[in-house]
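This is what each chain is made of:
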Amino acid sequence: MTDLSDLVQRAGRIFPGGVLGNHRGESDLEFVVKEGRGAYLWAADGRRYLDYLLGSGPMLLGHAHPAVVEAVQRQLGRGSTYMLLNEPIIELAEEIVRAVACAEQVRFTTSGTESTFMALRVARAYRGRDKIMKFEGGFHGVHDYGLMSVAPRSPKAFPAPTPDSAGIPQVIEGEVLIAPYNDLATTEALIAQYHHELAAVIIEPYQRVIVPAPGFLAGLRAVTRRYDVPLIFDEIVTGFRLAYGGAQEYYGVVPDLACYGKVVAGGFPLGAVAGPARIMRHFDPSLEGTPDFVVQQGTLNGNPIAAVAGLATLAELRKPGTYERLHRMGTRVRDGLAAAAREHGVVAQISGEPMVFDVLFTDRPVTDYRATLSADAARIRRFNEECLRCGLVKAVNKVYVSLAHTDADVDETLQIFDTVMARLATMRA
Ligand SMILES: Cc1ncc(COP(=O)(O)O)c(C=O)c1O
């Protein structure tokens, strides 16, 4: 058996903070994975955990799904990457166009961050303007434009941005406007005021675990259309998860551009930008040498391993009844978590859609980023740690549900939530 603490110590020496940078160094949440199968992870010491992190979302089918493993193994014997057109990547692009209402053409990248970065660049080229608008609390990856007001401790008056990271050139702050999610009147007023300078509005249609208020996305669609400002949906979490056609199908609002990552690549590094030819044409190399041309390239773009993993994943998702099952399982987990909090008198909001949600320890309904600031951060840390102690891994700020979770897994999950809420009830608020 591998010595878990030895591996953790070695990681502590070799990685800054001992972590991969994927979340905020909460040391108790770190453990070393040996294996993932279905709805479970095994740590290096052999202990089994129920997995509600799912690689931060991509593993919607669960780990090592046989159809994905088989497709990848078959492709591996044919070569890993070519940087040339290949059949699997063409098929994946065609499938995205079939699935996604706003998609006529597709460009592939190797991560979600790169997808939103490229969507913003192509929108700038299309509009001939520089500024972008994003929403407070919205996350679009870790490029300089995205890391503005994702998690400001003391939010500023709208639309002033707060950089979330050191090392971002100050000049970028002048290029990003921040709007309040779910506040249509303020957002409309800001777009009316700044539309002459705006290249795009980018939004997580379902922001983190905050559900869009009725009419908010439709209103945003209407005002961006009125001023011909491209609306970008970041569907990196929602794509193929809320519905096969993503948030735009689930909420019935179609943006101009959409960004993909996570589920679309079945656990391999691939992202995508999809949209209409009138915008996507700026990526066409026949424009090279003109002011319209947008450079977009990458050694691993069009990678056939990621493509076959994505195709196998999407084929499973298209099977009848898949999303109904995901919805039913997620609802059981989400409602069971709410019941456990109620049962033990723990004040909490269970926020979000059944396929991905979380608990926030606050008495305020969670409708925007500022409401999340009222949540007890120490309590969520404790909740995550206690879940881990009881054999359940979740994301720092999300519970991702998979199609591999069975009713028996959910029964076990709800018992864990009951135990954890009972322990939290003894902790002073
Ligand atoms: C909504 C959203 N956009 C973008 C990203 C960045 O994707 P990646 O981690 O693949 O760069 C993430 C990652 O969690 C995300 O949740």
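I will try to describe carefully the structure that is included in this document.

### Details of the site of the ligand
Taken together, Ser-111, Gly-112, Thr-113, Phe-139, His-140, Gly-141, Glu-204, Arg-208, Asp-234, Ile-236, Val-237 and Lys-262 make up all the residues around the ligand. The side chain of Asp-234 places a nitrogen or oxygen atom 2.7 Å from a nitrogen atom of the ligand. In the environment of the ligand, an oxygen atom lies 2.8 Å from a nitrogen or oxygen atom belonging to the side chain of Lys-262. By residue class, the composition of the shell around the ligand is three nonpolar, five polar and four charged.

### A word on helix 10 (residues 322-343)
With 22 residues, helix 10 should reach 32 Å at 1.5 Å per residue; the first-to-last C-alpha distance of 31 Å fits that figure. When helix 10 is considered as a whole, its buried residues turn out to be Thr-322, Tyr-323, Leu-326, Met-329, Gly-330, Val-333, Arg-334, Gly-336, Leu-337, Ala-338, Ala-340 and Ala-341. Residue Gly-345 follows helix 10 closely and has a positive phi angle near 65°.

### With respect to helix 5 (residues 184-194)
Taken as a whole, helix 5 has its buried residues at Thr-187, Leu-190, Ile-191 and Tyr-194. Down the axis of helix 5, the sector holding all buried residues measures 95°, keeping them to one side. Helix 5 presents Ala-185 and Gln-193 as exposed residues on the side facing more than 90 degrees away from its buried surface. On its buried face, helix 5 is in contact with strand 5 (131-135), strand 6 (176-179), strand 7 (198-203) and helix 6 (216-226). One side-chain oxygen of the residue at the start of helix 5 lies 3.4 Å from the amide nitrogen of Ala-185, identifying that residue as Asp-183.

### Some details on the pairing of strand 1 (residues 33-37)
If a strand is regular, its side chains alternate between the two faces of the sheet. Pairing between strand 1 and strand 2 (residues 40-43): four bridges, direction antiparallel. Among the inter-strand pairings, Gly-36 is bridged to a residue of strand 2, identified as Leu-41. In this antiparallel pair of consecutive strands, strand 1 and strand 2, the connection spans two residues, and Gly-38 shows a positive phi of 60°.

Cut-offs and rules
Residues numbered from 1 in each chain as written. Predicted model: local features only at pLDDT ≥ 70, side-chain atom pairs only at ≥ 80, totals over all residues. Heavy atoms only, no water. Near = heavy atom within 4 Å. Polar contact = N/O pair within 3.5 Å; in protein donor to acceptor, adjacent residues only side chain to side chain. Nonpolar A, V, L, I, M, F, W, Y, C, P; charged D, E, K, R; others polar. Helix = DSSP H or I, 4+ residues; strand = E, 2+ residues; numbered from the N terminus. Expected span 1.5 Å × (residues − 1). Buried < 20%, exposed > 50% of the residue type's maximum accessible area, 1.4 Å probe, protein only. Arc of directions from axis to C-beta. Contact = heavy atoms within 4.5 Å. Pairing = 2+ DSSP bridges.

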